[in-house]
Amino acid sequence: MPFFLILCYNHKKERGVKVLLAFLLAPLYFLINWYVLRLAMRWMGACHKYFQSKWFCRGFVGAYLFMALTPLTSFIVHKGVLHRLLKLLNNYWLGIFLYTLLVLFGAGLTRILLKRTKRISQDFLEYRKTFAAAGGICVFLITLLSIYGIFHARYIHTAKYEVEIQKECRGREDLRIIVAGDLHLGYSVGEEQMRRMVEAINVCDGDLVCLTGDIFDNEYNAISHPERIASVLREIKSTYGVYACWGNHDLNEELLAGFSFPSGEVRKEDPRMKEFLEAADITLLSDEVLLVDDAFCLAGRKDPSMVKKMRESRESPEELLGNLNKDIPVIVMDHQPSQLEELAEAGADLDLSGHTHDGQMFPGNLTVRLGWKNPCGLLQVGDMTSIVTSGVGVWGPAMRVGTESEIVEILVHFTENP
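The model shown is predicted, which means the values in this text are computed figures rather than measured ones.

What counts and what doesn't
Residues numbered from 1 in each chain as written. Predicted model: local features only at pLDDT ≥ 70, side-chain atom pairs only at ≥ 80, totals over all residues. Heavy atoms only, no water. Phe/Tyr/Trp six-rings, centres within 6.5 Å; stacked < 30°, edge-to-face > 60°. Helix = DSSP H or I, 4+ residues; strand = E, 2+ residues; numbered from the N terminus. Buried < 20%, exposed > 50% of the residue type's maximum accessible area, 1.4 Å probe, protein only. Lys NZ or Arg CZ within 6 Å of the ring centre and 35° of its normal. Pairing = 2+ DSSP bridges. Axes fitted to C-alpha atoms, helices over the stretch in contact; angles between N-to-C directions. Core = buried A, V, L, I, M, F, W, Y, C linked by side-chain atoms within 4.5 Å. Salt bridge = Lys/Arg side-chain N within 4 Å of Asp/Glu carboxyl O. Contact = heavy atoms within 4.5 Å.

Trainee: Help me out: how do you make sense of the packing of aromatic side chains in this one?
Mentor: A ring pair, where both rings are aromatic, is described by two values, the distance of the centres and the angle of the planes. Inspection of the entire model under this criterion finds 14 aromatic pairs. When the ring of W93 is compared with that of F97, the centres are 5.4 Å apart and the planes differ by 25 degrees; the resulting orientation is stacked. Of this pair, W93 and F97 both sit in helix α4 (residues 80-116), separated by 4 residues, roughly a single helical turn. Here the two residues W93 and F97 agree in accessibility, since each one is buried. Arranged with centres 5.6 Å apart and planes meeting at 75 degrees, the rings of Y240 and F296 form a pair that is edge-to-face. One end of the pair, Y240, is in the loop between α8 (226-233) and β4 (242-245); the other, F296, is in strand β9 (residues 296-300), with 56 residues separating them in the sequence. An aromatic cluster is present here, built from Y29, F30, Y64, W93 and F97 joined pairwise through their rings. The ring of F131 carries R42 above its face, with NZ or CZ at 4.7 Å from the centroid. Positioned above the aromatic ring of F151, the side-chain terminus of R154 is 4.9 Å from the ring centre.

Put into structure tokens, the structure is as follows:
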């Protein structure tokens, strides 16, 4: 979809280029939808003459166009029940549309290969019944993938890792850390998912809980009953409490098809987001380091995309960690896993991140590995261990296929450095 190519820039010149690009590519989106719509009409007509009636065709075209235009209409309609409905439908539509294109591409490729083989009659491929049967298989696959993705995103998996840090931690031989990132509270993620997350966290009986950014999904007003969700989050149990850092979506922005729409204005923090964290008993660390129980240091970094939008700066790993006592363990929360070598050189022992969603939906779980040294899971970088979670919530399409909604349980063992 062309709107997916809009990136969030603040400078006026860049803003103009991106808006122009959106208008230039918009016809491509409509042409693709026109092709899909015509193919769907042909298939239904081949299935039964009932689907060829004028009243049915008009109703189907109207319903399809309504869904196809939700990325735009949900952006135009700013408030009210209709805005929320359009946003929710848009999030489902984005996933359905993606798998419609993938399945049709696969079907087209299969047809080309079959036409080149001599084992199947070429006339057979042109039969109306063959076309109807092939279309039925495509619809079945699209429906199956979409329904599976919607319900699979709600299940929270617990990923478990064991890490060794060759340092002493006062009074402790090990530390159980629970990591939950990318909640994306908003239209697709709300109170029910947070209850499932809190239950999964409390089962782990952790010593420390870290929320690694993107707690919100750009629009604070998108959260239904924030006071109830804050009350749910207060039920998280841990020895040392719950801490968080900001992510790139933790500020209010206008969204178009899931991406921030450039306005040319300097972004500002929404005070309600900080108030929400305070109400939920969550401590925010923004380029700050906290000495916990005189045993270990916990640092939270600002997000690079967020400070760019707000035209601020963030401290480098050396600036943030340089003056710390490196004889005790140093744990860092950094939403984007983008400066792993620098953090390792600055003395971090464990880096906790999110942001990638592990690609969230196939084939994104394959392509995400091209952009990140550690797209998800555990990676050793020098003397530092990097752990990236695929996240609890969803961004854009309200689905997960090929990835897990997860929390991470890390058992850290402390040993004396020989």
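Trainee: I would appreciate a short explanation of the sheet that holds strand β3 (residues 208-212) in the present structure.
Mentor: Hydrogen bonds between backbone atoms are what pair the strands of a sheet, whose relative direction is either parallel or antiparallel. Spatial ordering of the open sheet is given by β1-β14-β2-β3-β4-β7, a layout of 6 strands whose pairing is mixed. Each end of this open sheet is capped by a strand with a single partner; those strands are β1 (156-165) and β7 (282-284). Taking each pair of neighbouring strands and ignoring which way they run, the sheet shows an average axis angle of 25 degrees. Where strand β2 (residues 174-180) meets strand β14 (residues 405-414), 6 bridges bridge the pair, whose relative direction is antiparallel. Its bridge partner lying in β14, L175 is registered against V412.

Trainee: Would you explain the nonpolar core in this entry?
Mentor: Nonpolar side chains in soluble globular proteins tend to be buried together. Core analysis: the largest hydrophobic core is formed by 40 residues, its most contacted members being L185, M194, M197, L233, F276 and I407. Secondary-structure elements contributing two or more residues to this core are β2, α7 (191-204), β3, α8, β4, α9 (271-279) and β7. The element contributing the most residues to this core is α7, with 6 residues. If you look at the next biggest cluster of nonpolar residues, it comprises 26 residues, including C245, V292, M333 and V412.

Trainee: Would you mind going over the sheet that holds strand β10 (residues 330-333) with me for this structure?
Mentor: Taken in spatial order, the 6 strands line up as β8-β9-β10-β11-β13-β12 in an open sheet, and their pairing is mixed. On the outer flanks of this sheet lie β8 (288-292) and β12 (377-381), each paired with one strand and no other. Pairwise comparison of adjacent strand axes, ignoring direction, gives a mean angle of 20 degrees for this sheet. Note: β10 against strand β11 (residues 350-353), 3 bridges, orientation parallel.

Trainee: How should the pattern of salt bridges be read in this particular structure?
Mentor: Oppositely charged side chains may form a pair once their charged atoms are brought near each other. Here the structure, examined in full by the defined rule, presents 15 salt bridges. R195 serves as the salt-bridge partner of E191, at 3.0 Å between the closest nitrogen and oxygen. Taken together, the positions of E191 and R195, both in helix α7 and 4 residues apart, correspond to about one turn of that helix. Of the residues examined, R195 reaches a relative accessible area of 38% and is grouped as partly exposed.

Trainee: What should I look at first to understand the environment of D174 in this one?
Mentor: Tracing the chain through its elements places D174 in strand β2. Judged by relative accessible area, D174 falls into the partly exposed class, the value being 32%. Separated by 38 residues in the primary sequence, D174 and T212 have C-alpha atoms spaced 21 Å apart. Excluding residues within four positions of it along the chain, D174 makes contact with L411, V412, H413 and F414.

Taken by themselves, the reported measurements are silent on function.
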